Every structure is written in structure tokens, then in C-alpha cells.
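Survey of secondary and tertiary structure
For reference, the chains in residue letters:
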Amino acid sequence: MAIETRASQLIDSIPEEVGMSSERLRNVTRLVQGYVDDGRLAGAISMIARHDHVVHFETYGNMDDEAAKPMRPDAIVRAYSMTKPIASIALMQLYEQALFQLDDPVSAYVPEFAGLQVFDSGDEHDYRVREPMREMTVRDVLMHTSGLVGRADPTPVGKMYAAAGLRGSESDGTLHDMIRKVGELPLHCDPGSEWNYGISTDVVGYLVEVISGQRFDSYLDQHVLRPLGMPDTGFHVPESEFDRFAACYERDDSAAADDGASGKRYRLQDAPAGSHYT
């Protein structure tokens, strides 16, 4: 998911009017600018609001080093795992409507998950399974205690995900395609026994589709994003907004040694041109 920082979100109040200090807020500017000057970040945006009034808004550095594009206040950036709370809000809206209970088994809505087994021993190629201590519940997928892991997880089950083509936001196909693949693989552990960062929220998204009867992206747009004034937030950046889409960088301390002139400690991870978000 990519999220917009809107140009209209500019300073509209003096900090002292809402009980904040202009002098102290200058420390924020100094700190973030220091990260850019030290080569830790290509660019950034900082914003502070209190009592619905924006008292600090600054842009720093570049949104695209390779294209020498300065950071703009309405840049569109990748939200990545901040998609998780947005998806969970969507499912909890349906809970508020009493359309399910938190301790309902997921298999009541996702029949592909009926009879899921738990990895017991072996490796990703040759393994044994056992019955789970209990079924996975809706509460489990919201709390990341479902027994599911992530595609990059070094466990045998994580390696099975990778082999099955479960590549997160880069995966081909639909949420239902993902569900069918997961339903053919074992759980990493008993539901409720461990917290694991992984694809539980993907299942949350599919539950939103099944229970609401809408595509996940359509539901988010209608019931979460537009009511919150987030019309440019979504899973793809339209062609008309490509110019606002920032490059994405990842930390790479070795880059500073390779490029001593710039002192950059990051490298390009996803360029706007050719990104799977476009």
C-alpha cells in the first residue's frame, strides 16, 4: 500500500497557540535534516499537529536521488506494514456490525483452512505434521498468533511459502489464490501459542472480502480511506500521479564506503519506474 502526504497539510497555527514551543520544534527540523546531511536518509517529511492544528511541516532532501527530485509535500510514499492496522480497522468495523465473533474459527469463513495441520518435524521438503491443539480463530489472525509466518521466515514453513510463490505485495493473483496455497501447507505452530510476524493480515484482508461481500481494496476505499480524507491512499499509484511517487531506499552501511564522496548509507530498493505499485 502507498500513502499520500497531502499538500494541504501545511502549517495553520503558531505552536504557542496550542501549547507547543516554536524553539523546541526547531529541534525536529535540525534532527531530521541531520539524518539527510549524514547520508542516512535520501529525504523525509516531518509533521506535528496538536488539537487538529498543524504546527510543524517540513520537507528534506530528495524523494528520488537518481532523478535529483527534491522531496515535495504531497509525495506518495509506501506504507508497507502500516497496511496492517488499516486492514484490521476494516475487519473490526464488520465486528461492530455483529457479522462475526472474535473467537469464531477462521474456517467458518474460509473453508480452505478446515483441517489445517501443524508442522511437527523434518524440513521443507520432507516433514511430518500433527493435529493442532485448537483451531485458528479470527482473534488469532488479528493478533498474529495464527500459526502463520512470513515468506522470509527462516523456518521450514516460511521456506514452503516462498516455494509456493507467496511473495507478499509482490505476489501474483488474488487474496483467494493466496488462501488456497496456504490451505495446502502446514501451520508453523499451534494457533495461540506464538506471536509471529507474517501473513496473518493477508487473511484479515480476505476475511473482509468474504464477510462484506466486497473486494478488499473497494471496501477500504469506501469505508475507511475516503471517510478519513485519504483519497490517494491505495495499493497502486495511478499514472496521473507517477510524478509524486517517491523512490524507496533501504539501509546499506557498506554504500558509504563504496561511495565516499556522497557518504550515503542507503541504496535504492524500489524505483518509481517499474515499481509493482505502478
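Core analysis: the largest hydrophobic core is formed by 41 residues, its most contacted members being Leu91, Phe113 and Leu207. Contributing elements (two or more residues each) for this core: α2 (83–96), β6 (118–122), α3 (138–143), α4 (156–163), α5 (175–183), α6 (200–212) and α7 (216–225). Considering every element that reaches this core, the biggest residue donor is α6, with six residues.

In this structure, strand β2 (residues 43–50) lies alongside strand β3 (residues 53–64), joined through eight bridges in antiparallel fashion. Looking at the pairing, Met47 lines up with Phe57 of β3. In sequence, β2 turns back onto β3 through a hairpin of two residues, with His51 there showing a positive phi of about 55°. Alignment of β3 against strand β4 (residues 69–70), held across two bridges, turns out to be antiparallel. Note that in β4 the partner of Asn62 across the bridge is Pro70.

Another point: the sheet that holds β4. Taken in spatial order, the three strands line up as β2-β3-β4 in an open sheet, and their pairing is antiparallel. Where the open sheet ends on each side, the last strands, each with one partner, are β2 and β4. In the packing of helix α1 (residues 22–37) onto the sheet, contacts are made with β2 and β3, and the angle to β3 comes to roughly 10°.

Attention shifts here to the pattern of salt bridges. The tally for this structure, following the rule as stated, stands at 18 salt bridges. Linking Arg130 and Asp120 is a salt bridge whose minimum nitrogen-to-oxygen distance equals 3.8 Å. Taken together, the residues span a long stretch of sequence, with Arg130 in strand β7 (residues 127–130) and Asp120 in strand β6 at a distance of ten residues. Across the pair Asp221 and Arg226 runs a salt bridge whose closest N-O atoms are separated by 3.0 Å. Assessed through its relative accessible area of 25%, Asp221 is described here as partly exposed. What emerges from the salt-bridge pattern is a single network uniting Lys69, Arg72, Asp74, Asp232, Glu241, Asp243 and Arg244.

Let us now look at the environment of Asp104. On the secondary structure map, Asp104 appears in the loop between α2 and β6. Residues Asp104 and Val203 lie 99 residues apart in sequence; the distance between their C-alpha atoms is 14 Å. Among all residues touching Asp104, those that are not within four sequence positions of it are Tyr109, Met136, Thr137 and Val138. Among the polar contacts made by the side chain of Asp104, one reaches the side chain of Tyr109 at a distance of 2.6 Å.

Attention now moves to α1. Here α1 is 16 residues long and its end C-alpha atoms lie 22 Å apart, about the 22 Å a rise of 1.5 Å per residue gives. Three or more residues of α1 are buried, namely Leu25, Val32 and Val36. The buried residues of α1 occupy one face: seen down the axis, they fall within an arc of 60°. Exposed residues lying more than 90 degrees from the buried face of α1 are Glu23, Arg24, Arg26, Arg30 and Asp37. Buried positions along α1 lie against β2 and β3.

Here is what the cut-offs are and how they apply
Residues numbered from 1 in each chain as written. Predicted model: local features only at pLDDT ≥ 70, side-chain atom pairs only at ≥ 80, totals over all residues. Heavy atoms only, no water. Core = buried A, V, L, I, M, F, W, Y, C linked by side-chain atoms within 4.5 Å. Buried < 20%, exposed > 50% of the residue type's maximum accessible area, 1.4 Å probe, protein only. Helix = DSSP H or I, 4+ residues; strand = E, 2+ residues; numbered from the N terminus. Pairing = 2+ DSSP bridges. Contact = heavy atoms within 4.5 Å. Axes fitted to C-alpha atoms, helices over the stretch in contact; angles between N-to-C directions. Salt bridge = Lys/Arg side-chain N within 4 Å of Asp/Glu carboxyl O. Polar contact = N/O pair within 3.5 Å; in protein donor to acceptor, adjacent residues only side chain to side chain. Expected span 1.5 Å × (residues − 1). Arc of directions from axis to C-beta.

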